[in-house]
Amino acid sequence: MSKLREREYRLTPQRVALLRLLAASDGHPSAAQLYDRLKDQFPTTSPGTIYKTLNLLKDLDEVLELGFSNDDNRYDGSKPYPHPHLICIRCQKIVDAEVSLAQNLVQEVTRQSSYQIVGHRLDFYGLCPDCQDSQ
Ligand SMILES: [Zn+2]
Ligand SMILES: [Zn+2]
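Throughout what follows, the structure given in this document is the object of discussion. Per chain, the residues get numbers from 1 upward, laid out in the order the sequence is written. As they are written, the chains are lettered A onward and the ligands numbered 1 onward, keeping that order. Side-chain atom pairs in this predicted model are given and counted only at pLDDT of 80 or more, local residue features only at pLDDT of at least 70, and totals for whole chains, interfaces and linings cover all residues. To get the side-chain values, take all heavy atoms of the structure and skip hydrogens and water.

**Notes on the coordination of the zinc ion (ligand 1)**
In ideal tetrahedral geometry, four donors around a metal make angles of 109.5 degrees, whereas ideal octahedral geometry with six donors gives angles of 90 or 180 degrees. The zinc ion (ligand 1) binds to the protein through Cys88 (SG), Cys91 (SG), Cys128 (SG) and Cys131 (SG), with metal-donor distances spanning 2.3 Å. Between the four donor atoms coordinating the zinc ion (ligand 1), the angles at the centre fall across 106 to 114 degrees, so the site counts as tetrahedral. A donor here means an N, O or S atom no more than 2.8 Å from the metal, or no more than 3.2 Å when the metal is Na, K or Ca. Since water is not included, a site may seem to lack partners. Mapping the donors of the zinc ion (ligand 1) onto the primary sequence gives the spacing C-x2-C-x36-C-x2-C. Relative accessible area serves as the criterion here: at 3%, Cys88 is assigned to the buried category. In this scheme the shape depends on donor count and angles: four donors with every angle between 85 and 135 degrees give tetrahedral, four or six donors with opposite pairs above 155 degrees and others between 65 and 115 give square planar or octahedral in turn, and any other case is irregular. Burial status follows relative accessibility: with a 1.4 Å probe on protein chains alone, a residue under 20% of its type maximum counts as buried, one over 50% as exposed, and anything between as partly exposed.

**Some details on the sheet that holds strand S4 (residues 94–96)**
Strand pairing is defined by DSSP finding a minimum of two bridges between the two strands. Working definition: helices are DSSP H or I runs of at least four residues, strands are E runs of at least two. Numbering for both runs from the N terminus. Here three strands make up an open sheet; going across it, the order is S4-S3-S5 and the pairing mixed. Of all the strands in the sheet, just S4 and strand S5 (123–126) have a single pairing partner and so form its edges. Averaged over all neighbouring strand pairs, the angle between strand axes comes to 25 degrees, with direction disregarded. Bridge analysis of strand S3 (residues 85–88) against S5 gives four bridges, and the strand direction is parallel. From the neighbouring strand, Cys88 faces S5, where its bridge partner is Gly126. Every axis in this analysis is a line fitted to C-alpha atoms, fitted for helices over the stretch in contact. Angles between the N-to-C directions lie between 0 and 180 degrees.

By themselves, these observations are geometric and do not establish any function.
Structure below.
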């Protein structure tokens, strides 16, 4: 939120609400889910406004976008930097994977490839505990 203020973007109540909602959501919501949760409070908002705001927040590194070729993009506002994720292949729930290998991984890839790494993506796919129970 501080970056929005620094760059003098208008901190509309709607943008603040979206940032708060993103920071409080641990399921990595999609734009459609965010719209659903905000539309009662902000009846004038539209899915397009949500997308535009998410893109703005992404450019400011206030939110991490996870893109999927055959599913909606998902957003993480509490950790706006690359980190490993666990994705349930049945209910599409996404949670953060609590492993610490990512930082060493980036250093190692940088050293071995001489690439200047600007980001990475590490997804683990499987069945979440809830979906295993209902099998
Ligand atoms: Zn699941
Ligand atoms: Zn995450």
